[in-house]
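Analysis of the macromolecular model
The chain contents come next:
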Amino acid sequence: MYEIVLIRHGESEYYRQNLFTGWSDPDLTGKGVEEAKKAGKLLKDAGYTFDLAFASVLKPSIKTLNYVLDEMDLLWIPVQKSWKLNERHYGALQGLSKRETVQQKAREVANQSKVTE
C-alpha cells in the first residue's frame, strides 16, 4: 500500500512579516529551517521512508524538502518539482502587507458607502 505524506513549508520571511506570498519566492526564516528539520526528524523517528518526493518550484518548498530529506538521510531520492504545486497566485497583492491591505479596502468600502448615501 502507498502512503502520501504532505508537508507545508517552514516559516518564510513573507509569512513572518504577514505579507501576501503567492508566487513570490522568499527564503525560509531560521524558525522555518528548524521546523523543516524537526519534521524530518519526526518522520524518521516514526519509521517513514520515501523513494520519491515532490516540491513546488519555490524556495520555501524546495529548501523545506531538502532539510526534511537531509534529516532522514534521503537526499539521494529523486525529487520532482512542478509549478502546479505552487501556492495560490495573489496577483497585485503579492508582497503587500495583509493588515495594510485590509485597512485600505475597508477605507475604500466606507468611502463608497458615503457616496451612495
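Above this text you will find the structure in question.
No experiment lies behind these values; they were computed from the predicted model shown. (Residues numbered from 1 in each chain as written. Predicted model: local features only at pLDDT ≥ 70, side-chain atom pairs only at ≥ 80, totals over all residues. Heavy atoms only, no water.)

Observations regarding helix 2 (residues 30-45)
Relative to the 22 Å expected for 16 residues at 1.5 Å per residue, helix 2 spans 22 Å between its end C-alpha atoms, a close match to the ideal helical length. The set of residues buried in helix 2 consists of Gly32, Val33, Ala36, Ala39, Gly40 and Leu43. Projection of helix 2 onto a plane perpendicular to its axis shows the buried side chains occupying an angular sector of 125 degrees, all on one side. Within helix 2, the exposed residues directed more than 90 degrees away from the buried face are Gly30, Lys31, Lys38, Leu42 and Asp45. Among the structural elements, helix 3 (59-71) are those in contact with the buried residues of helix 2. (Helix = DSSP H or I, 4+ residues; strand = E, 2+ residues; numbered from the N terminus. Expected span 1.5 Å × (residues − 1). Buried < 20%, exposed > 50% of the residue type's maximum accessible area, 1.4 Å probe, protein only. Arc of directions from axis to C-beta. Contact = heavy atoms within 4.5 Å.)

Some details on the pattern of salt bridges
Scanning the model with the defined rule gives four salt bridges in all. One salt bridge connects Lys63 with Asp27, and the closest N-O pair in it is separated by 2.9 Å. Residue Lys63 is found in helix 3, and its partner Asp27 is found in the loop between helix 1 (13-16) and helix 2; the two are separated by 36 residues along the sequence. By relative accessible area, which is 29% here, Lys63 ends up partly exposed. (Salt bridge = Lys/Arg side-chain N within 4 Å of Asp/Glu carboxyl O.)

Quick notes on the nonpolar core
Counting ten residues, the largest nonpolar core is built from Ala39, Leu43, Ala53, Ala55, Leu65, Val68, Leu69, Met72, Leu74 and Ile77. For this core, the secondary-structure elements that each account for two or more residues are helix 2, strand 1 (53-55) and helix 3. A total of three residues in this core trace back to one element, the largest contributor, which is helix 3. (Core = buried A, V, L, I, M, F, W, Y, C linked by side-chain atoms within 4.5 Å.)

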